[in-house]
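This is what each chain is made of:
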Amino acid sequence: MAELPGQIRRMGGGISQLLEQICGFSRRCLFQVISMGPIPNHLAFIMDGNRRYAKKCGLEDGSGHKAGFSALMLMLQYCYELGIKYVTIYAFSIDNFRRQPEEVQSLMDLMLEKINSLLEKESIVHQYGIRVYFIGNLALLNDQVRVAAEKVMKATAKNSRVVLLICIAYNSTDEIVQAVKKSCINKSDNIKASGNYKHEDADSDVERKDMENQEERIQLVDIEENMQMSVAPNPDILIRSSGEARLSNFLLWQTGNSQLCSPAALWPEIGLRHLVWAILNFQRSHSYLEKRKKQL
């Protein structure tokens, strides 16, 4: 009789493993069916509702963000199993620095822990060969978090299978301003490097002056090349949890033709069904979105 509890535990573990295998098989079958249609190349997530989830469940401060990280790992797994190459997450806005200092410090500590965990052998980064980018004004982070982020980017720089872009200390306004500044600096440096070069092929002084002015102007392509998000194509789908339809200063430049999806679930409650629904809606409107892109 003394061995009975141990046998029950082993049986329970075996049943759990069997159920996990059945779920994994069912998910792969579902993904094969979905893959018959167009699969998005880039998904972006605004992970909204962590604090509300903690309050809703009566959890202590910070527990909502930990639950949100678990949801993120599952969502990344689903995306990469589906063949989605680029995933961008809005992890921490520049505006979040306005929160209470204790909360900001708690979030920084959690981010440091999770960033370091990305380099562990059993992490999702090694499992899927993920290249990680940290997008944002990293100078605003404390030294420990910034060094950890740079370490992860360096360690994954040779990975090319899939890409994870983590927007931290980020907002779209800052990204655009920094891109304009870099464009101006680069344009100025190019003009200085060219010296007193003249367009001898110009037919007149007026035409020569126009050609020189054209070289001095900042073009759209100059700004786009200097955007931090230029390492990835524009998102096909932007998902924001908790039912909110606001972009909250996230990827404003890049989401003009993105499919927007706002499930009512709080971020820690987000699941496979929400992802599948977003992709099915994308497939339904794919031809229209492709026509819009060609018209631009």
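Our subject in this report is the structure included herewith. (Residues numbered from 1 in each chain as written. Predicted model: local features only at pLDDT ≥ 70, side-chain atom pairs only at ≥ 80, totals over all residues. Heavy atoms only, no water.)

Right, let's talk about the layout of surface pockets for a bit. Within this model, the largest pocket holds a volume of roughly 870 Å³. Those elements giving two or more residues to the lining of the largest pocket turn out to be helix H2 (50–56), helix H3 (63–82), strand E2 (86–93), helix H4 (101–117) and strand E4 (162–170). The dominant element in the lining of the largest pocket, judged by the number of residues it contributes, is H3, at six residues. Its residues assigned to classes, the lining of the largest pocket shows 20 nonpolar, seven polar and eight charged. (1 Å grid on protein atoms, 1.4 Å probe; cavity = no way out; pocket = protein on both sides within 12 Å on 5 of 7 lines; lining within 4 Å. Points joined across faces, edges and corners; volume = space filled by probe spheres on them. Helix = DSSP H or I, 4+ residues; strand = E, 2+ residues; numbered from the N terminus. Nonpolar A, V, L, I, M, F, W, Y, C, P; charged D, E, K, R; others polar.)

The strand order across the open sheet built from six strands is E3-E4-E2-E1-E5-E6, with neighbouring strands paired in parallel fashion. A strand with exactly one partner marks an edge of an open sheet, and here the two such strands are strand E3 (130–135) and strand E6 (259–261). The mean angle between the axes of side-by-side strands here comes to 20 degrees, regardless of whether they run parallel or antiparallel. The pairing of strand E1 (residues 42–46) with E2 spans five bridges and is parallel. Paired with Ala 44 across the strands is Thr 88, a residue of E2. Across the sheet, helix H6 (residues 143–155) touches E3 and E4, and the angle it forms with E3 is around 145 degrees. In the packing of helix H10 (residues 272–284) onto the sheet, the strands contacted are E1, strand E5 (237–240) and E6, and the crossing angle to E5 comes to about 145 degrees. (Pairing = 2+ DSSP bridges. Axes fitted to C-alpha atoms, helices over the stretch in contact; angles between N-to-C directions. Contact = heavy atoms within 4.5 Å.)

Applying the stated criterion to the full structure yields six aromatic pairs. When the ring of Tyr 80 is compared with that of Tyr 128, the centres are 5.8 Å apart and the planes differ by 45 degrees; the resulting orientation is tilted. Of the two residues, Tyr 80 is situated in helix H3 and Tyr 128 in helix H5 (residues 124–128); the sequence distance between them amounts to 48 residues. Ring plane angle 80 degrees and centroid distance 6.1 Å describe the contact between Tyr 170 and Phe 250, whose orientation is recorded as edge-to-face. Taken together, the residues span a long stretch of sequence, with Tyr 170 in strand E4 and Phe 250 in the loop between E5 and E6 at a distance of 80 residues. Each of the two residues, Tyr 170 as well as Phe 250, counts as buried. (Phe/Tyr/Trp six-rings, centres within 6.5 Å; stacked < 30°, edge-to-face > 60°. Buried < 20%, exposed > 50% of the residue type's maximum accessible area, 1.4 Å probe, protein only.)

What follows deals with the side chain of Asp 48. With respect to the element layout, Asp 48 can be found in the loop between E1 and H2. The exposure class of Asp 48 is buried, given its relative accessible area of 15%. In this structure the side chain of Asp 48 is engaged in a polar contact, spanning 3.0 Å, whose partner is the side chain of Arg 52. Every residue in contact with Asp 48, bar those within four places of it in the chain, is listed here: Arg 240, Ser 241, Ser 242, Glu 244, Leu 266 and Trp 267. (Polar contact = N/O pair within 3.5 Å; in protein donor to acceptor, adjacent residues only side chain to side chain.)

On to the nonpolar core. Membership of the largest hydrophobic core comes to 52 residues, with the highest contact counts inside it found for Phe 45, Val 87, Ile 130, Phe 134 and Leu 275. Considering every element that reaches this core, the biggest residue donor is H3, with eight residues. The residues contacting Phe 45, other than those within four sequence positions of it, are Met 75, Cys 79, Val 87, Thr 88, Ile 89, Tyr 90, Leu 238, Ile 239, Phe 250 and Trp 267. Of all hydrophobic cores here, the second largest spans 15 residues; its members include Cys 167, Tyr 170, Met 229 and Leu 251. (Core = buried A, V, L, I, M, F, W, Y, C linked by side-chain atoms within 4.5 Å.)

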